[in-house]
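Chain and residue survey
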Amino acid sequence: MRNGTEKRRYLVHIRLGKEFSLKQRIREATPGIKQIIKKLSHDEYQLAYTSGDGGTFGFLMKASCEPYVIRTQLDAPGKHRPFGLEADDQEYPDTSPLRTDDHVLILEIGELFDGKGFSRAWTWLEHH
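Residues numbered from 1 in each chain as written. Predicted model: local features only at pLDDT ≥ 70, side-chain atom pairs only at ≥ 80, totals over all residues. Heavy atoms only, no water.

1. What to know about helix H3 (residues 119-127)
All buried positions along H3 are accounted for by Ala121, Trp124 and Leu125. One face of H3 carries all of its buried residues, which in axial projection span an arc of 95°. Facing away from the buried surface of H3 by more than 90 degrees, the exposed residues are Ser119, Glu126 and His127. (Buried < 20%, exposed > 50% of the residue type's maximum accessible area, 1.4 Å probe, protein only. Helix = DSSP H or I, 4+ residues; strand = E, 2+ residues; numbered from the N terminus. Arc of directions from axis to C-beta.)

So this is what it looks like as structure tokens:
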């Protein structure tokens, strides 16, 4: 276990399931996902990419919590509030923006990385 105050960079990769209309799922899920990432990162986040249909996307974020905390908050945000978030925080969702057929992968990004394209992601990584 690491120091609880050390901030690390993560890529949160999400693929919305196809159980329902994708356009509807994007409208329903993305605001809650963004709010959770925004709060856990204390505004240190950036949308890194989206697929052409919008059903797959990735956020870069910097947070002091472990990856399982990020996933737990995406799965059940109203169950346990992260330290520092008040129970009456109106911007934090009470229910999960995810459904059972959605997929989440959270990876820590170290000092070494490489790629091509994704200019917003490169800029964010260079400054965080």
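2. Topic: the nonpolar core
With 21 residues, the main nonpolar core has Val12, Ile14, Ile33, Ile37, Met61, Ile70 and Leu74 as its most contacted residues. When contributions to this core are tallied by element, the ones reaching two or more residues are strand E1 (8-15), helix H1 (22-41), strand E3 (56-63) and helix H2 (67-75). Broken down by element, the residue count for this core peaks at six residues, all from H1. The next biggest cluster of nonpolar side chains, apart from the first, holds eight residues, and it includes Tyr49, Ile109, Trp124 and Leu125. (Core = buried A, V, L, I, M, F, W, Y, C linked by side-chain atoms within 4.5 Å.)

3. Quick look at the pairing of E3
Most of E3 is tucked away, with eight of its eight residues classed as buried. Covered by surrounding structure in E3 are Thr56, Gly58, Leu60 and Lys62 together with Phe57, Phe59, Met61 and Ala63, the residues of both alternating faces. As paired elements, strand E2 (residues 45-50) and E3 share five bridges and run antiparallel to each other. Considered in E3, the bridge of Tyr49 is made with Gly58. (Pairing = 2+ DSSP bridges.)

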